[in-house]
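Chain by chain, the residues:
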Amino acid sequence: MRYTVFLVDYADKRWEDLTEAEQAEWMAQHEAFDAVVAAREGCTIVAGEALTGGDSATVLRPVGGDVVLTDGPYTEATEAIGGFYVIEAPDLDVLTDLLRSLPFYVMEIRPVAPF
Amino acid sequence: MARFRDVDLAEDGLADAFEAATRTWPADGVPSNPAAWLLTSARRRVLDRLRSADVARRKMPLLVVDHLRHEQTVHTAELEEQVIGEEVGDDELRLLLLACHPALAPESQAALALRLVLGVPTAEIARLFLVPEPTMAARLTRAKKKIATAGLPFTLPDGDALAARVDVATQAIYLSFTAGYAPGFGDAVVRADLAGEAIRLARLLAGLLQRRGAAAPSVRALLALMLLQHSRRDARVDAAGDLVLLADQDRSRWRTDEIEEGVALLASLPSGLAGRAEELRLQAVIAARHATSPHPDATDWGAIAGDYARLERITGSPVVRLNRAVAVAEADGPHAGLALLERLDELLPASHRLPAVRGELLARAGDVEAARAAFALAIERCRHEAELAHLRRRLASL
């Protein structure tokens, strides 16, 4: 099954605010996560990205048959999303077990809609 | 995993998944007792169709009688496993523990367990949880969809994951038991079966935890409590179907072997329990004091009042205080009991039992006018036929 996992930043733990040592540990955690997924049967990281902050967001909105661009983010809630993974895993329990290697975030797990 | 993609989302989709899963057992997985397995499976389906099919209704008594015959000859957990088969038990546990998965909404977990594992009709579950039937139906549908869409697996969880679900599972089992234990609606035959099923599930769960080397004090405490309460089933209802009060029950009809088992289980529990395990243990202790009293007058009400006081300290529950007031009244007289009832009206505004207890104690204290008023209020609020009949009789006797 395919899942998208949204990584939600803690308000008090932003990348910019971390020391170099803390940032290195942060990256190491992500690398450890890569390794854990690779080692687990039937699991793959399909995609994953760190996102730039809410200040760099742009919102596109349909208005009266046209599209209007405004400076983002869309909502305070979406501003907090700092990254995402798209992961293949056999079931939710395997996925949550893998995600234990990423302790920094609150995460929202959304199954990808089957077609 | 592929099984879950194919899960039908109709009403009994997951019950079918249970059967589909058992159909895909490894090559040597034919149950050691196929007849018992078929009996269990068929019985569950028939329970579901009881409402709609007359044919099923005609066959139902045969299946239930067979199953009850098995139940009556089985006393210990080991024998239970022989009759039902460990494979079936494990699958039922998988279903129970799946229903209790933390990814499901808390208000859905116990309800789903009742629906999937025990086949309790949705309308009855709605009544148990005090919500309208469409609300409960929607809740169950949403939970079943979540299981399929989010890929919650049909497996027995390990270690910490298992421990986390045991509390929810214990709650679901107890709810099933009280649904079977407290009469008031439904077919009497189905009622007794449900309580027995809850006990069987608790045994299975305790067995699993033991095999995994995990302590299971809350499950064992619950099992003790249920055994002790269930032991009275033949004496609780008279020939007319009316409730018989504890004090009036024919104690020779209490099942002494089940009482012994409950008492032994209770004694095997470690000391220093806390939280839900201690709550259940105290309830079982109280049940044991009643169950081991040869005669109502021999009941150690003082000790029971003390147990309720400890239970009230842990739970802060007004219902516990109400029960405590009854015990205190038995031990120290009606005025002592009445004093404990004083602040309860705001906490239990819709309760019929509070005015009923108050009425009883006022009658004992000699205040007949006030007792009549209290019973009248209890009757106004009461929705259970059997209790209503008892309250009316009591009022008339004043």
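Residues numbered from 1 in each chain as written. Chains lettered and ligands numbered in written order. Predicted model: local features only at pLDDT ≥ 70, side-chain atom pairs only at ≥ 80, totals over all residues. Heavy atoms only, no water.

### Quick notes on unusual backbone geometry
Outside of glycine, negative phi angles account for most residues, and trans bonds account for most peptide bonds. Cis geometry is found at the peptide bond from A:Gly72 to A:Pro73, where omega equals 0 degrees. The residue A:Pro73 is located in the loop between β4 (66–71) and α2 (76–79) in this model. The backbone phi angle of B:Leu130 is positive, close to 60 degrees, even though this residue is not glycine. Mapped onto the elements of the fold, B:Leu130 is located in the loop between α8 (122–128) and α9 (133–150). (Helix = DSSP H or I, 4+ residues; strand = E, 2+ residues; numbered from the N terminus.)

### Side note on helix α14 (residues 275–291) of chain B
Spanning 17 residues, α14(B) covers 24 Å between terminal C-alpha atoms, matching the ideal 24 Å at 1.5 Å per step. Among all positions in α14(B), only B:Ala277, B:Glu278, B:Glu279, B:Leu280, B:Leu282, B:Ala284, B:Val285, B:Ile286, B:Ala287, B:Ala288, B:His290 and B:Ala291 are buried. (Expected span 1.5 Å × (residues − 1). Buried < 20%, exposed > 50% of the residue type's maximum accessible area, 1.4 Å probe, protein only.)

### Some thoughts on the interface of chain B and chain A
The interface is formed by twelve residues belonging to chain B together with seven residues belonging to chain A. Across the interface of chain B and chain A, roughly 740 Å² is buried in total on both sides, 61% from carbon and sulfur atoms. Between chain B and chain A we count one salt bridge in total. Linking B:Arg165 and A:Asp93 is a salt bridge whose minimum nitrogen-to-oxygen distance equals 3.4 Å. Looking at the side of chain B that touches chain A, the element that brings in the most residues is α9(B), giving three residues. (Contact = heavy atoms within 4.5 Å. Buried area = accessible area lost by both parts, 1.4 Å probe. Salt bridge = Lys/Arg side-chain N within 4 Å of Asp/Glu carboxyl O.)

### Quick notes on the domain arrangement of chain B
Residues and elements named next belong to chain B. For chain B, the assigned domains are domain 1 (1–214) and domain 2 (227–292). With twelve residues of domain 1 at the contact, the number on the domain 2 side is eleven residues. When the two sides are added together, the surface that domain 1 and domain 2 hide from each other amounts to roughly 1100 Å², 50% of it contributed by carbon and sulfur. Joining domain 1 to domain 2, the criterion identifies one salt bridge. The closest approach of N and O atoms between Glu261 and Arg203, which form a salt bridge, is 2.6 Å. Counting across the interface, domain 1 meets domain 2 through three residue pairs in polar contact (both at pLDDT 80 or more). If you list the elements that add at least two residues to the side of domain 1 that touches domain 2, you get α10 (159–181) and α11 (188–211). Of the residues in the side of domain 1 that touches domain 2, the class split is seven nonpolar, four polar and one charged. (Domains from an automatic or database assignment. Polar contact = N/O pair within 3.5 Å; in protein donor to acceptor, adjacent residues only side chain to side chain. Nonpolar A, V, L, I, M, F, W, Y, C, P; charged D, E, K, R; others polar.)

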